[in-house]
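Residue strings, one per chain:
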Amino acid sequence: MQSLSIGSIKLPNPVLLAPMTGITDAPFRRQAAALGAGLVISEMTACAALAQDEHQKKHIARRRIADHGAGLHVVQLAGCEAHWMAEGARIAEGSGASVVDINMGCPAKNVTNGAAGSALMRDLDHALTLIDAVVETARVPVTLKMRLGWDDTSHNAAELARRAEQAGVQLVTVHGRTRCQFYKGRADWKAVRAVKAAVSVPVVVNGDIESFDDADMALQASGADAVMVGRGAQGRPWFPGQLAHYFATGIRRAPPRLSEQLALISALYGEMIGHYGREVGLRHARKHLGWTLDAAAATAGVSDHTLKAARSCVLTATDPAIVLRLLAEAFDEFGDVSASQSRMCA
């Protein structure tokens, strides 16, 4: 694959980690970047929350855009008013952002009911006022993430991408579903080809990329320049980096050994407790623990019963030291099962 750039910024590889609310916080982004992801993007952050006077909401929003300290810092912004989008871009750049990404793809009702996210694809003229506000304010490259359209009767991603490029957007990412699909069915990678044909800036295909074969098929169907991995990295922070290695060498690496997976989640867990504090950190880390156990169980080939028991034990513990001990015990059990299966096949 050809190298990928956002304006004058050259990326190390064409595999991006998707912005995911409640998931791609600074600790997770830092780990994915260290493991080889070409670009990692912050959680979607509401521009108005960044700028408002209410202390608690501002604190949460500012924490979402915190620099992860490993590679390029990219902040994704959401909103529905040009004034707040411009102010959000100014604050993001002030936080050290090298790129500002605009969200016009989030399908969540609490976002679209506020005329933000993918709701903006119902009014492209208004969407362009927001893009103009960010591009005119930011001194760093601006990118845009969208869906195919609002529903199956309005696939207007190509038109939005064309107008966004004219406004100064320097990379476009398209999730291969409409807003009304949410995450149902399969992403339509082929439909992204119309966006690629409409613009000269790089196009990134997103949606359901969870394996090497998925990535190959998504690129072939869409003609895109890069891929963005979202749910495929949950519990597998190494996968974007492995995918980048595959694109560069043709080698499909196996998942890390269980001992390495345990070391990764243990480190991430500790960083999350430090990032959020104990009480909030425990809640945020719990989903990562569950996804990690799922990935480890798949690596080891353990039964659903064994996995369910491990999840029940680990995810209900509330003391960080006990969580780590139970996690290690679960991995030991998974390793014993895997070793037994290997001996049987020998």
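Draft legend 1. Quick look at the overall build of the protein. The helix and strand tally for the protein stands at 14 helices and eleven strands. Taken over C-alpha atoms, the radius of gyration comes to 20 Å for the protein, in line with the 20 Å a tight globule of 346 residues would show. Dimensions of the protein, computed from C-alpha atoms along their principal axes, come out at roughly 60 × 45 × 35 Å. Taking all 346 residues of the protein together, 53% fall into the buried category.

Draft legend 2. Broad picture of unusual backbone geometry. Its identity is not glycine, yet A115 carries a phi of approximately 65 degrees, on the positive side. Its location among the elements puts A115 in the loop between helix 5 (109-112) and helix 6 (124-137). A positive phi angle is found at F182, which is not glycine, with a value near 50 degrees. Looking at where F182 falls in the secondary structure, it is placed in the loop between strand 9 (172-175) and helix 8 (193-198). For F182, a relative accessible area of 24% puts it in the partly exposed group.

Draft legend 3. The arrangement of the pattern of salt bridges in detail. Tallied over the full model, the rule gives 18 salt bridges. The salt bridge partner of D213 is R252, with a shortest N-O separation of 2.8 Å. Here R252 lies in the loop between helix 10 (239-249) and helix 11 (258-276) and D213 lies in helix 9 (residues 212-222), a separation of 39 residues in the sequence. Look at R252 and you get partly exposed, because its relative accessible area is 39%.

Draft legend 4. View of the environment of Q261. For Q261, the position within the fold is in helix 11. Considered as a pair, Q261 and F331 are 70 residues apart in the sequence and their alpha carbons are 9.0 Å apart. When neighbours within four sequence positions are excluded, Q261 is seen to be in contact with W238, P255, P256, A295, A296, T299 and F331.

Draft legend 5. Representation of the side chain of E93 within the structure. As for its position among the elements, E93 is in helix 4 (residues 82-94). A polar atom in the side chain of E93 sits 2.8 Å from the side chain of R139. Once you skip the residues sitting within four places of it in the chain, E93 turns out to touch T137, A138, R139 and V140.

Calculation notes
- Residues numbered from 1 in each chain as written.
- Predicted model: local features only at pLDDT ≥ 70, side-chain atom pairs only at ≥ 80, totals over all residues.
- Heavy atoms only, no water.
- Helix = DSSP H or I, 4+ residues; strand = E, 2+ residues; numbered from the N terminus.
- Rg over C-alpha atoms; globule rule 2.2 N^0.38 Å.
- Buried < 20%, exposed > 50% of the residue type's maximum accessible area, 1.4 Å probe, protein only.
- Salt bridge = Lys/Arg side-chain N within 4 Å of Asp/Glu carboxyl O.
- Contact = heavy atoms within 4.5 Å.
- Polar contact = N/O pair within 3.5 Å; in protein donor to acceptor, adjacent residues only side chain to side chain.

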